Amino acid sequence: MEIPVLRRRALAACTATVAVGALALAGLTGTASADPSPAFPASPAAGADRLSPGLIEAMRRDLGLTADGARARVGAESRAAAAAAGLRHSLGAGFGGARVSGDAAELTVATTDAADTAKITEAGARAVVVAHGLAELTSAKAALDRVARQRPPKDVPVWYVDVRTNRVVVEAGRSAAAETFIAAAGVRRELVTITQAAGQPRTFADLRGGDAYYMNGTGRCSIGFPVKRGTQGGFVSAGHCGTPGVSTSGYNQQAQGSFQGSTFPGRDYSWVAANTGWTPRPLVNGYGNGDVTVTGSTEALEGSSVCRSGSTTGWHCGTVQQRNSSVTYQEGTVSGVTRTNVCAEPGDSGGSFISGSQAQGVTSGGTGNCSQGGTTYFQPVNPALQAYGLTLVTSGTPTDPPTGPTDPPTDPGGSWAAGTAYAAGDVVTYGSGSYRCLQGHQAQPGWTPPNVPALWQAL
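Attention here is on the structure that accompanies the text. (Residues numbered from 1 in each chain as written. Predicted model: local features only at pLDDT ≥ 70, side-chain atom pairs only at ≥ 80, totals over all residues. Heavy atoms only, no water.)

Each helix and strand counted, the protein has eight helices and 28 strands in total. Across the 459 residues of the protein, 54% fall into the buried class. Counting only contacts in the protein whose residues sit at least 6 apart along the sequence, the fraction spanning at least 24 positions is 60%. A total accessible area of about 18500 Å² is found for the protein, and carbon and sulfur atoms account for 49% of it. (Helix = DSSP H or I, 4+ residues; strand = E, 2+ residues; numbered from the N terminus. Buried < 20%, exposed > 50% of the residue type's maximum accessible area, 1.4 Å probe, protein only. Contact = heavy atoms within 4.5 Å. Areas by Shrake-Rupley, 256 points an atom, 1.4 Å probe, with all protein chains shown as cover.)

A word on unusual backbone geometry. Here the bond from Phe-264 into Pro-265 is cis, since omega is -5 degrees, no more than 30 degrees from zero. Positive phi values are uncommon outside glycine, yet Ala-105 reaches one of about 55 degrees. Checked against the element boundaries, Ala-105 lands in the loop between strand 1 (95-101) and strand 2 (106-111). The exposure class assigned to Ala-105 is buried, which follows from its relative accessible area of 3%. Positive phi is not limited to glycine here, since Asp-155 has a value of about 65 degrees. Along the chain, Asp-155 falls in the loop between helix 6 (134-150) and strand 4 (158-162). The exposure class of Asp-155 is partly exposed, given its relative accessible area of 31%.

Bringing the side chain of Ser-326 into the picture now. When you line up the elements, Ser-326 lands in strand 18 (residues 314-329). Note on Ser-326: relative accessible area 0%, which makes it buried. Within the local environment of Ser-326, its side chain forms a polar contact with the side chain of Asp-145, the two groups lying 2.5 Å apart. Apart from the residues within four sequence positions on either side, Ser-326 is in contact with Lys-141, Asp-145, Pro-157, Val-158, Trp-159, Val-334, Ser-335 and Gly-336. (Polar contact = N/O pair within 3.5 Å; in protein donor to acceptor, adjacent residues only side chain to side chain.)

The subject of this paragraph is helix 3 (residues 53-63). Three or more residues of helix 3 are buried, namely Gly-54, Leu-55, Ile-56, Ala-58 and Met-59. A distance of 3.1 Å separates the backbone nitrogen of Gly-54 from a side-chain oxygen at the start of helix 3, and that oxygen is part of Ser-52. Among the residues trailing helix 3, Gly-64 stands out with phi positive, at a value near 70 degrees.

Quick look at the sheet that holds strand 10 (residues 225-229) now. The strands that make up a sheet are held in pairs by hydrogen bonds between backbone atoms, and each pair lies either parallel or antiparallel. The eight strands are arranged 9-8-12-13-14-11-10-23 in an open sheet whose pairing can be described as antiparallel. At either end of the open sheet lies a strand with only one pairing partner, and these are strand 9 (219-221) and strand 23 (391-392). Sitting on the sheet, helix 8 (residues 381-388) touches strand 10, strand 11 (232-237), strand 13 (255-263), strand 14 (269-274) and strand 23, and the angle it makes with strand 14 is about 60 degrees. (Pairing = 2+ DSSP bridges. Axes fitted to C-alpha atoms, helices over the stretch in contact; angles between N-to-C directions.)

Each pair of packed helices can be described by the angle between their axes along with the distance between the axes. Axis separation between helix 6 and helix 7 (residues 175-185) bottoms out at 8 Å; the angle between their running directions is 100 degrees. By the criterion of interaxial angle, the relationship of helix 6 to helix 7 is roughly perpendicular. Of the residues in helix 7, those touching helix 6 at Ala-143, Leu-144, Val-147 and Ala-148 are Phe-181, Ile-182, Ala-184 and Ala-185. Here the contact of helix 6 with helix 7 is composed, by residue class, of eight nonpolar, no polar and no charged. (Parallel < 35°, antiparallel > 145°, perpendicular 65-115°, else oblique. Nonpolar A, V, L, I, M, F, W, Y, C, P; charged D, E, K, R; others polar.)

Turning our attention to the nonpolar core. Counting residues in each nonpolar core, the largest one holds 37 residues, and the members touching the most others are Leu-107, Val-109, Leu-144, Val-170 and Val-187. Grouped together as the second largest cluster of nonpolar side chains are 29 residues, Ala-70, Val-227, Val-236 and Trp-271 included. (Core = buried A, V, L, I, M, F, W, Y, C linked by side-chain atoms within 4.5 Å.)

Another aspect to go through is the packing of aromatic side chains. The final tally for this structure, using the stated rule, is eight aromatic pairs. Relative to Phe-181, the ring of Trp-159 has its centre 4.9 Å away and its plane inclined at 65 degrees; by these criteria the two rings are edge-to-face. Of this pair, Trp-159 sits in strand 4 while Phe-181 sits in helix 7, and the two are 22 residues apart along the sequence. By the burial criterion, Trp-159 is buried, and Phe-181 matches it. Consider the rings of Trp-416 and Tyr-430, whose centres lie 5.8 Å apart with planes at 90 degrees: the pair is edge-to-face. Of this pair, Trp-416 sits in the loop between strand 23 and strand 24 (421-422) while Tyr-430 sits in strand 25 (residues 427-430), and the two are 14 residues apart along the sequence. Across the pair, Tyr-430 and Trp-416 agree in class, each one buried. (Phe/Tyr/Trp six-rings, centres within 6.5 Å; stacked < 30°, edge-to-face > 60°.)

Enumeration over the complete set of coordinates arrives at three disulfides. Between Cys-221 and Cys-241 runs a disulfide, and the two sulfur atoms are separated by 2.0 Å. The disulfide joining Cys-221 to Cys-241 has a torsion of about -90 degrees about its S-S bond and is therefore left-handed. Of this pair, Cys-221 sits in strand 9 while Cys-241 sits in the loop between strand 11 and strand 12 (247-249), placing them 20 residues apart in sequence. For the pair Cys-221 and Cys-241, a shared accessibility class is recorded, and that class is buried. (Disulfide = S-S within 2.5 Å.)

In short, the description is geometric, and any link to function would need to be established separately.
Below, the structure written as structure tokens:
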């Protein structure tokens, strides 16, 4: 499917909700303006032509893309995400999931209602009719998660919702173990596919060397993303890397800070508060190919390209396979992670996963290695930010890394928050004002109520 077709059809969609996706696409095709506060801000695809050289090189090596191909793919994936968001709201309980495929990021949207196929096609996506809605599959996986929290299943290392097959996939070393797990959760068998597990995932930590941070001067992990909590700087990483109170030192073995919060198992995130000798920057280490600048944390769709930076193996890229997966490590079960085919090795734990310029999450664990390939899971970054009240340090100029200390814009306070899904009629506060949502959407960094009158009405 040609990229312009998705844009043209999404802009032509006449349903109110699909128009939300179309509005996001419209922001990508508008003419240049000197107005610093456009009626609707450009989506992350607008920065696809300004990708970091290091990111482009990694996508060339691991995905076989030219520089132009990498830019085109990231832009197409962002447009597809905008269209899928509108369709998800429009289809309601019938929505069966969305994914992209190929270098052109062709969008496929599933529905349980054949009557919705015309609406999906009109928005520029390929429609497929499935037996189960995404909400039904997610509920089944949640039942498995509840059982695992009580007692991690033996010989069942991984399970996830697979929108491509319209099933919950349970990976197991023994089919009998999977059957017992499914029965204990009370999940209907027709919702589940059992597959052979590739191996027992492990957390990526403990080895020495590389650009990293160290816990109590011994174990090693990788920084995820720089953050702030008020005026306090620090970073997010994996929860299994340390517990509250554990001190950290930087790649240069100089005192750095300490863990303030950590969750593992269950989830796999943590945050470290750094001392004043360390300045948080909106950058990810490109390992000799130029740093990557972070401009936001919009979640990429399944099938999207994603790259990882870690202190053991540097840059590696692949694709998002399944979101909201669960995995059982030796230490216990972790839910809500994203499954990828990006390789990683011990010491990469906590490191950055990024799609284009959008932060995705921190490395949790997986199977395999970077010599033979493997599967890696990352803990999405937005839940970590929300859990600890953190702000991702970002920059609006991805091609121009800062030359000095930079802080994110001052937060005026209020209930509005980037990453939150809002429905028409919702009321939020931002600064000293109140605003009513005009159209359902997922808030993105920079889409603050005063700046997007197409989405918010001042009260």
